[in-house]
Amino acid sequence: MSFCIAIDGPAGAGKSTIARKLAEKMGMIYVDSGAMYRAMALFMLEQGIGKEDTEAMNGCCGKADITIRYENGEQIVYLNNRNVNSLIRTEEVSTMASISCQQPDVRKKLVSLQKGLARKADVVMDGRDIGTCVLPDADVKIYLTASSSVRAKRRYEELLAKGEACEFDKIEQDIIERDHRDMTRAESPLRQAEDAVLVDSSDMTVEEVMETIVKICGDRKRGI
Ligand code: DC
């Protein structure tokens, strides 16, 4: 039986940074489930599907072959045998992913892929519905969050460091709207699983969050 850690939470809470570090520390595989939704969104954009055409989104997702491989410890997403890692982080893909991830056929396909990965290996998987839907029997469930203003500040500083022009208020407003969409959608909305441990990283450093989660994982392994 594989050992699985589920990390859910809103956008910008630091899930991927923590999940990647945790997987490395614990000798497990990091699965970024959001990257799969992004690859699916890229496929739809390349097919010329519009943001309102939910029927086409559900209809076409069977034609997208999405697989994950690991190269030098990094997760590479393949879309119909093409490495798409460098194409899935644009604003256009983010917007399409946040709409197409609400479609039942898209979710069915990607949840099944995610469950399959967790059957084969010890994984740290992050997303929105991992503890509630994908891995309801995960050994450890973490709900990682932070206030919207702290998440906006982190994103603002990230963009500034990259030399990109941005406005703090607009970033915070986008975060609030995205949270609302993720938490109120009909299909697998973002929520804390009943048996998940809440970690609020608003006033914590990455090291402090890691320390807290590593301790929770250690306690679970010992059955505490
Ligand atoms: O975490 P991210 O921003 O890379 O996720 C991309 C999109 O996919 C985002 O709109 C939320 C959605 N998503 C989801 O619905 N379920 C998941 N398990 C992971 C991501």
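Source: prediction; values computed, not measured.

What counts, and at which threshold
Residues numbered from 1 in each chain as written. Predicted model: local features only at pLDDT ≥ 70, side-chain atom pairs only at ≥ 80, totals over all residues. Heavy atoms only, no water. Helix = DSSP H or I, 4+ residues; strand = E, 2+ residues; numbered from the N terminus. Rg over C-alpha atoms; globule rule 2.2 N^0.38 Å. Buried < 20%, exposed > 50% of the residue type's maximum accessible area, 1.4 Å probe, protein only. Contact = heavy atoms within 4.5 Å. Areas by Shrake-Rupley, 256 points an atom, 1.4 Å probe, with all protein chains shown as cover. Salt bridge = Lys/Arg side-chain N within 4 Å of Asp/Glu carboxyl O. Polar contact = N/O pair within 3.5 Å; in protein donor to acceptor, adjacent residues only side chain to side chain. Pairing = 2+ DSSP bridges. Axes fitted to C-alpha atoms, helices over the stretch in contact; angles between N-to-C directions. Near = heavy atom within 4 Å. Nonpolar A, V, L, I, M, F, W, Y, C, P; charged D, E, K, R; others polar. Expected span 1.5 Å × (residues − 1).

1. Considerations on the overall build of the chain
Here comes step 1: Along the chain, the regular secondary structure elements total 9 helices and 8 strands.
Here comes step 2: Its C-alpha radius of gyration of 17 Å places the chain within 12% of the 17 Å reference for a compact globule of 224 residues.
Here comes step 3: Based on the C-alpha atoms only, the size of the chain along its principal axes is roughly 50 × 45 × 35 Å.
Here comes step 4: Burial statistics for the chain: of 224 residues in total, 47% are counted as buried.
Here comes step 5: Residue pairs in contact within the chain that sit at least 24 positions apart in sequence constitute 71% of those at least 6 positions apart.
Here comes step 6: Carbon and sulfur atoms form 49% of the exposed surface of the chain, whose accessible area is close to 11,500 Å².

2. What to know about the pattern of salt bridges
Here comes step 1: Summed over all chains, the structure comprises 11 salt bridges.
Here comes step 2: The partner of Asp-32 in a salt bridge is Arg-89, and the shortest N-O contact between them spans 3.1 Å. Of the two residues, Asp-32 is situated in strand β2 (residues 29-32) and Arg-89 in the loop between β5 (82-83) and α4 (91-100); the sequence distance between them amounts to 57 residues.
Here comes step 3: On the accessibility criterion, Asp-32 (12% relative accessible area) is buried.
Here comes step 4: Within this structure, Arg-128, Asp-182 and Arg-185 form a network of salt bridges that share partners.

3. A closer look at the environment of Val-31
Here comes step 1: In this fold, Val-31 is placed in strand β2.
Here comes step 2: We classify Val-31 as buried; its relative accessible area is 1%.
Here comes step 3: Spatially, the C-alpha atoms of Val-31 and Val-84 are 16 Å apart, while their sequence positions differ by 53 residues.
Here comes step 4: Setting aside its immediate chain neighbours within four residues, Val-31 contacts Met-36, Tyr-70, Gln-75, Leu-117, Val-123, Val-124, Met-125 and Asp-126.

4. Some details on the side chain of Ser-98
Here comes step 1: If you trace the backbone, Ser-98 turns up in helix α4.
Here comes step 2: Among the polar contacts made by the side chain of Ser-98, one reaches the side chain of Arg-181 at a distance of 3.3 Å.

5. Focus on the sheet that holds strand β4 (residues 74-79)
Here comes step 1: With antiparallel pairing, 3 strands are arranged side by side in an open sheet as β3-β4-β5. Taken across any chain shown, the strands that pair with only one partner, and hence form the sheet edges, are β3 (66-71) and β5.
Here comes step 2: Sheet topology places β4 next to β5; 2 bridges connect them, and they run antiparallel. Across the sheet, the residue bridging to Tyr-78 is Asn-83, located in β5.
Here comes step 3: Across the sheet, helix α2 (residues 33-46) is in contact with β3, β4 and β5; its angle to β4 comes to roughly 30°.

6. Observations concerning the site of the ligand
Here comes step 1: Neighbouring the ligand are 14 residues, the closest being Ser-33, Arg-38, Arg-107, Asp-129 and Arg-185.
Here comes step 2: Within the side chain of Arg-107, an N or O atom sits 2.9 Å from an oxygen atom of the ligand.
Here comes step 3: Side-chain polar atom of Arg-128 to an oxygen atom of the ligand: 3.0 Å apart, as the coordinates give it.
Here comes step 4: When contributions to the shell around the ligand are tallied by element, the ones reaching two or more residues are α2 and α4.
Here comes step 5: Considering only residue class, the shell around the ligand consists of 4 nonpolar, 4 polar and 6 charged.

7. A closer look at helix α9 (residues 206-221)
Turn by turn, an α-helix covers 3.6 residues, leaving residues three or four places apart pointing in a common direction.
Here comes step 1: Here α9 is 16 residues long and its end C-alpha atoms lie 22 Å apart, about the 22 Å a rise of 1.5 Å per residue gives.
Here comes step 2: Taken together, the buried positions of α9 are Val-209, Met-210, Ile-213, Ile-216, Cys-217 and Asp-219.
Here comes step 3: Those residues of α9 hidden inside the fold are in contact with β1 (4-8), α1 (15-26), β7 (140-145) and β8 (197-200).

8. A short note on the sheet that holds β1
Here comes step 1: Spatially, the 5 strands line up as an open sheet ordered β2-β6-β1-β7-β8, and their pairing is parallel. Edge positions in the sheet fall to β2 and β8, since each of these pairs with one other strand and no more. Between one strand axis and the next, the sheet turns through 20° on average, direction left out of account.
Here comes step 2: Both β7 and β8 contribute to a ladder of 4 bridges, which runs parallel. When the sheet's bridge partners are listed, Ile-142 is paired in β8 with Val-197.
Here comes step 3: Packed on one face of the sheet, helix α5 (residues 104-120) meets β1, β2 and β6 (123-127) and runs near 160° to β6.

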